[in-house]
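Topology and contacts: notes
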Amino acid sequence: MRGRRWLGEDALKRGPPCWYHHDLTRHATEALLLTNGKDGSYLLRKSNEGPHSYALSVRAKDSVKHFHVTRSGSAYTFGFNEFSSLKDFVGHFANQPLIGSETGTLIVLKNPYPREVEEPSIYESVRVHTAMQTGRTEDDLIPSAPSLGTKEGYLIKQGAIVKSWKTRWFTLNRNELKYYKDKMFTEPIRTLDLTECTAVQFDYSQDKTNCFCLVFPERTFYLCAKTSVETDEWIKILRWKLSQIKKGI
Ligand code: 4IP
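To start, this report covers the structure provided alongside it.

1. Digging into the pattern of salt bridges
Under the counting rule described, the total for this entry stands at two salt bridges. The residue Lys151 makes a salt bridge to Glu233 at a minimum N-O spacing of 2.8 Å. Pair noted here: Lys151 is in strand β10 (residues 151-158) and Glu233 is in helix α4 (residues 228-246), with a separation of 82 residues, a long-range link. Relative accessible area serves as the criterion here: at 10%, Lys151 is assigned to the buried category. Overall, the relative accessible area of 31% leaves Glu233 in the partly exposed class. A salt bridge links Lys178 to Glu176, with the shortest nitrogen-to-oxygen separation between them at 3.8 Å. Of the residues examined, Lys178 reaches a relative accessible area of 22% and is grouped as partly exposed. Owing to a relative accessible area of 38%, Glu176 belongs among the partly exposed residues under this scheme.

Structure, rendered in structure tokens:
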């Protein structure tokens, strides 16, 4: 009898790892890992970037990071490494569970998030059903998914009155951009409500590079990243948030 061969997508669908979620979208992944996962929970999923693309999604402290994995035949490429089989790729994480992301954050793969989980069969019992007439129709009940898309990293920011620059740890989750004195702090210095933000723009007015600004009615926040790639990423995701907010999502 032939042993199971881990080759290509069929192998992914058929066999291990148990943390491969074929149909999970980026959005659903973030919701799942942020709600049920913990720091270090990870899973592999099909990416919509192309037929041979996968994403390794990992829950960091307050956000979910997604990394590209590409397949060519039975080989998998992840960062600078190429693995000749899925088995090698999976085995790699058992031995070297650390990923250094572009933002300088070290992400640890601790807990594979399984596709199949045992679910308790517990339901609330209905006491009253439709006690209130709302006038809504079935059309009003189209689910509106919460706006996700998370990011975190160090940025330097300028004070409003005293124009000193401070390095702060920023986290973006739902419609909130928070900044902390440093990464290990649990209480943010401030939480910015992006539903009140009117624009996110590149900024060239400062004596620094890689800057952008967030415009609020009361204040414009000037922020700078370490690299132009990070600046682009922040601007892209923040603008995406603003567009989602505009659409009422
Ligand atoms: C402070 O400068 C910090 O930059 C503060 O930033 C900033 O508050 C203050 O802004 C600014 O005076 P010094 O530490 O040199 O005094 P952080 O809060 O990140 O520490 P913001 O409002 O930017 O958070 P003003 O506007 O209070 O001067």
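2. Section: the layout of surface pockets
There is about 1,500 Å³ of room inside the largest pocket. Along the walls of the largest pocket sit 41 residues, with Arg26, Lys65, His66, Phe67 and Glu233 positioned nearest its centre. Contributing elements (two or more residues each) for the lining of the largest pocket: α2 (26-36), β2 (41-46), β3 (53-59), β4 (64-72), β7 (98-100), β10 and α4. Sorting elements by how many residues they give to the lining of the largest pocket places α4 first, with six residues. Classifying every residue of the lining of the largest pocket gives 13 nonpolar, 16 polar and 12 charged. Looking at the second largest pocket, its volume works out to about 180 Å³. If you tally residues by element for the lining of the second largest pocket, the top one is β10, at three residues.

3. Points about the site of the ligand
Residues in close proximity to the ligand total 13 residues, the closest being Lys157, Lys166, Tyr179, Arg190 and Arg219. Lys166 places a side-chain nitrogen or oxygen 2.5 Å from an oxygen atom of the ligand. Protein burial of the ligand: of its 550 Å² of free accessible surface, 68% is covered by the chains. When contributions to the shell around the ligand are tallied by element, the ones reaching two or more residues are β10 and β11 (165-173). Partitioned by chemical class, the residues of the shell around the ligand number five nonpolar, three polar and five charged.

4. What to know about α2
Among all positions in α2, only Thr29, Glu30, Leu33 and Leu34 are buried. Mapping the buried residues of α2 onto a view down its axis gives an arc of 115°, with all of them on the same face. Facing away from the buried surface of α2 by more than 90 degrees, the exposed residues are Thr35 and Asn36. The elements touched by buried residues of α2 are β2, β3, β4 and β11.

Cut-offs and rules
- Residues numbered from 1 in each chain as written.
- Predicted model: local features only at pLDDT ≥ 70, side-chain atom pairs only at ≥ 80, totals over all residues.
- Heavy atoms only, no water.
- Salt bridge = Lys/Arg side-chain N within 4 Å of Asp/Glu carboxyl O.
- Helix = DSSP H or I, 4+ residues; strand = E, 2+ residues; numbered from the N terminus.
- Buried < 20%, exposed > 50% of the residue type's maximum accessible area, 1.4 Å probe, protein only.
- 1 Å grid on protein atoms, 1.4 Å probe; cavity = no way out; pocket = protein on both sides within 12 Å on 5 of 7 lines; lining within 4 Å.
- Points joined across faces, edges and corners; volume = space filled by probe spheres on them.
- Nonpolar A, V, L, I, M, F, W, Y, C, P; charged D, E, K, R; others polar.
- Near = heavy atom within 4 Å.
- Polar contact = N/O pair within 3.5 Å; in protein donor to acceptor, adjacent residues only side chain to side chain.
- Areas by Shrake-Rupley, 256 points an atom, 1.4 Å probe, with all protein chains shown as cover.
- Arc of directions from axis to C-beta.
- Contact = heavy atoms within 4.5 Å.

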